[in-house]
Amino acid sequence: MGVLLFGAAVFIYRMIYKWLFAKPLASYNQKRIIVTGASSGIGVEIAKQYANMNCKVAIVARRREQLEQTRTEILAECKSTGESDVMVVVADLTKEQDCRSMVEQVVEKWGGIDICVWNAGAGSLVEFAKLKDFKVFHDNMNINFFSNVYCTSFALPYLKQTKGSIVVVSSLAGKFGTALRTSYSASKHALHGFFNSLRNEAPEIQVTLICPGFVQTEFHAKATTTTGKPLERESTHFMTPKQCAEHIIESERLGEREVLLGLKAKVGNYLMPFIPRFIDYMSNKTAVASVKKDQ
């Protein structure tokens, strides 16, 4: 009953807050958006939804073929979006020079940047004691943390000019630690430290950190594992990419600092200082349940 009351209170609060403070949809007309990790999953849906808001969208990833497919889908589904409103940028965001070039290409084409959605990332499910080297730690930090540092550094002057927004797609692993996620969780915790500090250095820029739980994307199939083989996930209760993208865009519109997606996550975060061992137990139970038992 307590959880239900808490959920109802959060829902009512968000509805009132949205009504009072959400940026009007009309204000997004022709805003210049960068979405990284836009070749699949959440990134594709974010790009589509911004295009439907009459924004100019630069979609960024390593895989040109998938980016071109995303662009084709956007132009087909978003009738008011013109050919010049969707820009494909191929970049390996673990490389500093690629991040610089990506920002320069967008600014050269559109003259500035209004919103950056840093969505690119990679996962891992590895038992620390079984690691033979630290490659997975370097890999996770490079894409989940350093790519965001590089991109933010090059975009920052333009965002300051427009008093724009940075939206960071983190994870509940950036708030809670669970088994098999030492490298992944560390990289996401680092994100929070960096952007919470940056928010105070650049108060004219809105920084919104989003922490999704499990989402139905190829992210899980591509996650690094101890054996090197992909794990099948028990995705019955996973959020869809479209639902996740809707939450992400709404959170930026509301100017929120940090958003944990899912009622259990919100309750767990609230109760963590009081009953940390129980929250750890429940977090691990949920994480274990997400992997099919026959794996």
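Per an unreviewed UniProt entry, the protein goes by Short-chain dehydrogenase/reductase family protein and derives from Heterostelium pallidum. As its UniProt record puts it under Sequence similarities (unreviewed entry), the protein is described as follows: "Belongs to the short-chain dehydrogenases/reductases (SDR) family."

Student: What is the right way to read the overall build of the protein from this model?
Tutor: The number of helices and strands found in the protein is nine helices and nine strands. Taken over 295 residues, the protein has a buried fraction of 46%. In the protein, the proportion of contacts linking residues at least 24 apart, taken out of those at least 6 apart, comes to 75%. Approximately 15,100 Å² of the protein is accessible, and the part contributed by carbon and sulfur atoms is 57%.

Student: Looking at this structure, how should I read helix H3 (residues 64-77)?
Tutor: In a regular helix each residue adds 1.5 Å, so 14 residues correspond to 20 Å; H3 covers 20 Å between its end C-alpha atoms and thus fits that length. When H3 is considered as a whole, its buried residues turn out to be Leu67, Thr70, Arg71 and Ile74. Seen end-on, H3 carries its buried residues on one side only, within an arc spanning 100 degrees. The inward-facing, buried residues of H3 abut helix H2 (41-52), strand S2 (56-61) and strand S3 (86-90).

Student: Honestly, the sheet that holds strand S4 (residues 115-118) in this entry has me stumped. Any pointers?
Tutor: Two strands in a sheet stick together by hydrogen bonds in their backbones, pointing the same way (parallel) or opposite ways (antiparallel). Strand order in the open sheet formed by seven strands is S3-S2-S1-S4-S6-S7-S9, with parallel pairing between adjacent strands. Two strands bound the open sheet, and with one partner strand each, they are S3 and strand S9 (258-260). Across the sheet, the axes of successive neighbouring strands diverge by a mean angle of 15 degrees, strand direction being ignored. Strands in contact with helix H6 (residues 182-201) are S4, strand S6 (165-169), strand S7 (206-211) and S9; relative to S7, the strand with the most contacts, it is inclined by about 160 degrees. Contacts between helix H7 (residues 241-253) and the sheet are confined to S4, S6, S7 and S9, with S7 contributing the most and set at about 150 degrees to the helix.

Student: How should I be thinking about the nonpolar core in this particular structure?
Tutor: One finds Ile34, Leu93, Met102, Ile113, Trp118, Ile166 and Phe195 to be the most contacted residues of the largest nonpolar core, which totals 33 residues. Sorting the residues of this core by element identifies S2, S3, helix H4 (96-110), S4, helix H5 (135-162), S6, H6 and S7 as the ones contributing at least two each. What Phe195 contacts, discounting residues up to four positions off in sequence, is Trp118, Asn148, Thr152, Ile166, Val168, Val207 and Leu209. Among the nonpolar cores identified, the runner-up in size contains 32 residues, and Ile46, Leu67, Cys244 and Ala245 belong to it.

Student: Is there a simple way to explain the pattern of salt bridges in this structure?
Tutor: Once their charged atoms are close, side chains differing in charge can pair, the charge on each being opposite to the other. For the structure shown, the criterion picks out 10 salt bridges. Arg32 is the partner of Asp114 in a salt bridge, and the nearest nitrogen-oxygen pair spans 2.9 Å. Of this pair, Asp114 sits in the loop between H4 and S4 while Arg32 is found in strand S1 (residues 32-36), placing the two residues 82 residues apart along the sequence. Relative accessible area serves as the criterion here: at 17%, Arg32 is assigned to the buried category. Where Arg64 meets Glu68, a salt bridge forms, and the shortest distance between an N and an O atom there is 3.8 Å. With Arg64 and Glu68 both in helix H3, this residue pair falls four residues apart, about one helical turn. You can call Arg64 partly exposed: its relative accessible area is 48%. Residue Glu68 is classed as partly exposed on the basis of its relative accessible area, which comes to 33%. Among the charged side chains, a network of salt bridges with common partners joins Lys48, Glu73 and Glu77.

Student: Which parts of the structure should I look at to understand a nonpolar patch on the surface?
Tutor: The grouping of Tyr270, Phe274, Ile275, Phe278, Tyr281 and Met282 at the surface amounts to a nonpolar patch, some 660 Å² of accessible area in total. For the nonpolar patch, the element with the most residues is helix H9 (residues 276-289), which contributes three residues. Relative to the helices and strands, Ile275 resides in the loop between helix H8 (263-271) and H9.

Student: Would you take a moment to explain the side chain of Lys56 for this structure?
Tutor: Structurally, Lys56 is set in strand S2. Under the relative-accessibility criterion, Lys56 is labelled buried at 17%. Reaching out from Lys56, the side chain makes a polar contact with the side chain of Gln30 at a distance of 3.2 Å. At 3.0 Å, the side chain of Lys56 forms a polar contact with the side chain of Asp85.

Rules used in this analysis
Residues numbered from 1 in each chain as written. Predicted model: local features only at pLDDT ≥ 70, side-chain atom pairs only at ≥ 80, totals over all residues. Heavy atoms only, no water. UniProt positions renumbered as here; feature names shortened; annotations may be inferred. Helix = DSSP H or I, 4+ residues; strand = E, 2+ residues; numbered from the N terminus. Buried < 20%, exposed > 50% of the residue type's maximum accessible area, 1.4 Å probe, protein only. Contact = heavy atoms within 4.5 Å. Areas by Shrake-Rupley, 256 points an atom, 1.4 Å probe, with all protein chains shown as cover. Expected span 1.5 Å × (residues − 1). Arc of directions from axis to C-beta. Pairing = 2+ DSSP bridges. Axes fitted to C-alpha atoms, helices over the stretch in contact; angles between N-to-C directions. Core = buried A, V, L, I, M, F, W, Y, C linked by side-chain atoms within 4.5 Å. Salt bridge = Lys/Arg side-chain N within 4 Å of Asp/Glu carboxyl O. Patch = residues over 30% accessible without salt bridge, like charges linked within 9 Å, V, L, I, M, F, W, Y side chains within 5 Å. Polar contact = N/O pair within 3.5 Å; in protein donor to acceptor, adjacent residues only side chain to side chain.

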